[in-house]
Amino acid sequence: MEKLIVSTAITGAELSKDDTPHLPITPSEQAIAAKDAVKAGASIIHLHVRDDSGQPSQALEDFKRSIEAIRAEIKKAGLSQPIIQFSTGGAVGEEMKKRIAPLTLKPEMGSFNLGTMNFGNDVFVNTRPDMRALAKAFKENGVIPEYEVYDLGHIDELYALIKEGVVSAPYHVQFVLGVPGGALPFKAGESPNKKRLEFLASELPENSTWRVAGIGRFERSLAELSIELGGHVRVGLEDNIYFRKGVLAESNAQLVADIVEMAKAQGRALATPEEARKMLKILRI
Ligand code: KMH
Ligand code: ZN
């Protein structure tokens, strides 16, 4: 089986310190969170940034100061630089033009959301024209997309974009399961359903890589299933703030370390950032 790539979504756009005091918000908090997560075994940092007031931001300046802080902290610790994956999802309600703009900073990767959907009580808007504009920006800036799939129809949207010729291989797909409004990881009951995950993976274009991000209480059990089925994993406070039922995670690194232990127990080796770059066909930092 391929080595396991662990990604971590350290901050997100929907939570604040009121939800968990452990959420890294400032560039220096993010730098420490990223360094600790890399030390624990993460090779991708999925990055949302905040402005000075702590509000979600897609401003280039805010991305720049967070990346600089993260890169410097990791260098100081003598660790390998992780792949930094910018969010182009931003916060619910943010306009696409602002969500696309940070790609001009040419990060190694960025998230690419594949469809409009209910997102809790809100609507997360990703129209087809939005996606075409996003695809163009990814190409122009040489950024590798990670396609976010919250539901089966989003895989069909990916095929539609491929058919139009606006996106091309490599296809790295993340199944984000458990968002209220998207697909849940189970058919009935509470346990993630293996058949569901196997089916989603079987629908992808040939040679795709896939990863699972389980939202909330599904994070850990879905990660376990993904490791078993040959997928990759994302964990982090953006998706889930608990370490165990009712116990807040103290850090993103604690969630990463938990997955690394799980992989060890299943006999699945862990990819370093350099190995992850090769596997994902990322040619530059
Ligand atoms: N904040 C969510 C609305 C992404 O990063 O691309 C979307 C999100 C996905 O977080
Ligand atoms: Zn995100």
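Details of the structure are given in the entry above.
I will try to describe carefully the structure that is included in this document. By convention here, each chain's residues receive numbers from 1 onward along its written sequence. Following the order in which they are written, the chains are lettered starting with A and the ligands numbered starting with 1. Given that the model is predicted, a residue must reach a pLDDT of at least 70 before its local features are reported, and side-chain atom pairs must reach 80 or more before they are shown or counted; all residues, however, enter totals for whole chains, interfaces and linings. Here the side-chain values reflect all heavy atoms present in the structure, with hydrogen atoms and water set aside.

Describing the packing of helix α6 (residues 194-202) against helix α7 (residues 219-229)
- Contact geometry of α6 with α7 gives a least axis separation of 11 Å together with a crossing angle of 55°. The orientation of α6 relative to α7 falls into the category oblique. In terms of crossing hand, the pair formed by α6 and α7 is right-handed. Taking contact as the criterion, the partners of Lys-194, Leu-197 and Glu-198 in α6 are, on α7, Leu-222, Leu-225, Ser-226, Glu-228 and Leu-229.
- Partitioned by chemical class, the residues of the contact of α6 with α7 number four nonpolar, one polar and three charged. Lines fitted to the C-alpha atoms define the axes, with helices restricted to the stretch that makes contact. Angles between their N-to-C directions range from 0 to 180 degrees. For the purposes of this entry, the term helix denotes a DSSP run of H or I that reaches at least four residues, the term strand denotes a run of E that reaches at least two, and both are numbered from the N terminus. Each angle receives one of four descriptions, namely roughly parallel if under 35 degrees, roughly antiparallel if over 145, roughly perpendicular if within 65 to 115, and oblique otherwise. What makes a crossing left-handed is the near helix being turned counterclockwise from the far one by less than a right angle; a clockwise turn instead makes it right-handed. By definition in these notes, contact holds between two residues if any of their heavy atoms fall within 4.5 Å. By the convention adopted, Pro, Cys, Tyr, Trp, Phe, Met, Ile, Leu, Val and Ala count as nonpolar, Lys, Arg, Asp and Glu as charged, and the other residues, Gly among them, as polar.

Things to note about the coordination of the zinc ion (ligand 2)
- Coordination here is defined by N, O and S atoms within 2.8 Å of the metal (3.2 Å for Na, K and Ca), and since water is not considered, a site can look incomplete. At the metal site, the zinc ion (ligand 2) is ligated by His-46 (NE2), His-48 (NE2) and Glu-238 (OE), and these contacts range over 2.1 to 2.2 Å.
- Residue His-48 is classed as buried on the basis of its relative accessible area, which comes to 4%.
- Among the residues examined, Glu-238 registers a relative accessible area of 22% and is labelled partly exposed. Burial status follows relative accessibility: with a 1.4 Å probe on protein chains alone, a residue under 20% of its type maximum counts as buried, one over 50% as exposed, and anything between as partly exposed.

Observations regarding the pairing of strand β5 (residues 83-86)
- On β5, burial covers both faces: Ile-83 and Gln-85 on one face and Ile-84 and Phe-86 on the other are all buried.
- The pairing criterion for strands is at least two bridges between them, as found by DSSP. Bridge analysis of strand β2 (residues 44-47) against β5 gives four bridges, and the strand direction is parallel. Bridge pairing in β5 places Ile-45 opposite Ile-84.
- Summarising the sheet, β5 and strand β6 (residues 109-113) pair through two bridges and their orientation is parallel. Residue pairing for β6: Phe-86 is matched across the bridge by Gly-110.

Considering the layout of surface pockets
- Using a grid of 1 Å spacing that covers the protein atoms alone, one calls a set of points a cavity when a 1.4 Å probe fits there but cannot get out, and a pocket when the set is open and has protein on both sides within 12 Å along at least five of seven lines; lining residues are those with an atom within 4 Å of a point. Grid points are joined across faces, edges and corners, and a volume is the space filled by probe spheres set on the points. Considered as a void within the structure, the largest pocket measures approximately 500 Å³ in volume.
- Lining the largest pocket are 27 residues, with Glu-14, Phe-119, Ile-215, Glu-238 and Asp-239 positioned closest to its centre.
- Within the residue set of the lining of the largest pocket, elements represented by two or more residues are β6 and β10 (172-177).
- Looking at the second largest pocket, its volume works out to about 260 Å³.
- Lining the second largest pocket are 14 residues; nearest its centre among them are Gly-216, Arg-217, Phe-243, Arg-244 and Lys-245.
- The set of elements that each furnish at least two residues to the lining of the second largest pocket consists of α7, β13 (242-244) and α8 (252-266).
- Considering only residue class, the lining of the second largest pocket consists of five nonpolar, three polar and six charged.

What about the nonpolar core?
- Among buried residues, those of type Ala, Val, Leu, Ile, Met, Phe, Trp, Tyr and Cys that are joined through side-chain atoms within 4.5 Å constitute a nonpolar core. Ranked by internal contacts, the top residues of the largest apolar core, which has 31 residues, are Phe-112, Leu-114, Tyr-147, Val-167, Phe-175 and Leu-197.
- The set of elements that each furnish at least two residues to this core consists of α3 (96-100), α4 (128-141), β9 (144-149), α5 (152-164), β10, α6, β11 (209-214) and α7.
- Among the elements that make up this core, the one with the highest residue count is α4 (five residues).
- Leu-23, Ile-241, Ile-259 and Val-260 belong to the second largest nonpolar core, which has 19 residues in total.

Section: unusual backbone geometry
- Residues Ala-169 and Pro-170 are joined by a peptide bond in cis, for which omega reads 5°.
- Although it is not a glycine, Lys-106 sits at a positive phi angle of roughly 55°.
- Looking at where Lys-106 falls in the secondary structure, it is placed in the loop between α3 and β6.
- Notably, Asn-207 is not glycine yet its phi reads approximately 65°, a positive angle.

Re the packing of aromatic side chains
- Any Phe, Tyr or Trp ring, taking Trp's six-membered ring, that has another such ring centre within 6.5 Å forms a pair; planes under 30 degrees apart are called stacked, those over 60 apart edge-to-face, and the others tilted. Within the structure shown, the criterion is met by nine aromatic pairs.
- Ring centres 5.1 Å apart and planes at 50° place the aromatic pair Phe-112 and Tyr-147 in the tilted group. Separated by 35 residues along the polypeptide, Phe-112 in strand β6 and Tyr-147 in strand β9 bring together distant segments of the chain.
- Classification of Tyr-147 by relative accessible area gives buried; the value is 2%.
- Relative to Tyr-171, the ring of Tyr-147 has its centre 6.2 Å away and its plane inclined at 50°; by these criteria the two rings are tilted. On the criterion of sequence distance, the pair formed by Tyr-147 in strand β9 and Tyr-171 in the loop between α5 and β10 is long-range, its members being 24 residues apart. In this structure, Tyr-147 and Tyr-171 share a single accessibility class: buried.
- Every member of this aromatic cluster is reached through a ring pair, and the members are Phe-112, Phe-138, Tyr-147 and Tyr-171.

With respect to the pairing of strand β12 (residues 232-235)
- Alternating positions in β12 separate into two faces, His-232 and Arg-234 on one and Val-233 and Val-235 on the other, with burial throughout.
- Two strands pair when backbone bridges link them, and strand β1 (residues 6-9) and β12 are joined in this way by three bridges, in the parallel orientation. When the sheet's bridge partners are listed, Ser-7 is paired in β12 with Arg-234.
- Sheet topology places β11 next to β12; three bridges connect them, and they run parallel. By the bridge assignment for β12, Ala-213 is matched with Arg-234.
- With α7 bridging β11 and the parallel β12, this β-α-β connection has right-handed handedness. A crossover gets the label right-handed when its path from the first strand over the helix to the second runs clockwise, viewed with the strands pointing away from the viewer.

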